[in-house]
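Inside the fold
One letter stands for each residue in the lines below.
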Amino acid sequence: MSDAQYRADQAQRLLSDPLFQEARATTIGALQTEVLSLPLQERERREAAVAMLKGAEQFFRVFELVIYGYQLERAELSNEAQIKARHVAIEERMRNV
């Protein structure tokens, strides 16, 4: 297994891990609750909470993009392997004709 395939498998396991999903939901949920619970008069705290929420959402989006990049690389490697296997099968058939 190539390093890219290993990383893609690891990335998929991370993204689908229940602990990661729970941590993500808890983080985003807590920040959303904080934003919604602050009164409009507490502008600075509210702006800070909104900034943290946006930062957390951006972190998880970037994290997913990295993981999907590994998944795409794995798919490309798999596709290349299938093409090579087909090429070998065609060459074999040509020799047997």
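Notes on the structure in this doc start here.

**Thoughts on the overall build of the protein chain**
Scanning the protein chain for helices and strands turns up three helices and zero strands. Starting at the N terminus and ending at the C terminus, the protein chain contains elements arranged as α-α-α. For the protein chain, whose C-alpha radius of gyration is 23 Å, the value lies well above the compact-globule estimate of 13 Å for 97 residues. Put simply, of all contacts in the protein chain between residues at least 6 apart along the chain, 64% involve residues at least 24 apart. Computed over 13 positive and 15 negative side-chain charges, the separation of the two mean positions in the protein chain equals 4 Å.

**What to know about the nonpolar core**
If you look at the biggest cluster of nonpolar residues, it comprises twelve residues: A11, L15, F20, I28, L31, V35, L38, A49, L53, A56, F60 and I67. Secondary structure elements with two or more residues in this core: α1 (3-16), α2 (18-37) and α3 (43-96). With five residues, α3 is the single largest residue contributor to this core.

**Some words on α2**
With 20 residues, α2 ought to run about 28 Å at 1.5 Å a step, and its terminal C-alpha atoms sit 28 Å apart, in line with that. Of all the positions in α2, only F20, I28, L31 and V35 are classed as buried. The buried residues of α2 all sit within an arc of 65° when viewed along its axis, so they share a single face. Relative to its buried face, α2 has exposed residues pointing more than 90 degrees away, namely P18, L19, E22, A25, T33 and L36. The opening residue of α2, the one whose side-chain oxygen lies 2.7 Å from the backbone nitrogen of L19, is D17.

Calculation notes
- Residues numbered from 1 in each chain as written.
- Predicted model: local features only at pLDDT ≥ 70, side-chain atom pairs only at ≥ 80, totals over all residues.
- Heavy atoms only, no water.
- Helix = DSSP H or I, 4+ residues; strand = E, 2+ residues; numbered from the N terminus.
- Rg over C-alpha atoms; globule rule 2.2 N^0.38 Å.
- Contact = heavy atoms within 4.5 Å.
- Lys, Arg positive; Asp, Glu negative; His and termini not counted.
- Charge placed at Lys NZ, Arg CZ, Asp CG, Glu CD.
- Core = buried A, V, L, I, M, F, W, Y, C linked by side-chain atoms within 4.5 Å.
- Buried < 20%, exposed > 50% of the residue type's maximum accessible area, 1.4 Å probe, protein only.
- Expected span 1.5 Å × (residues − 1).
- Arc of directions from axis to C-beta.
- Polar contact = N/O pair within 3.5 Å; in protein donor to acceptor, adjacent residues only side chain to side chain.

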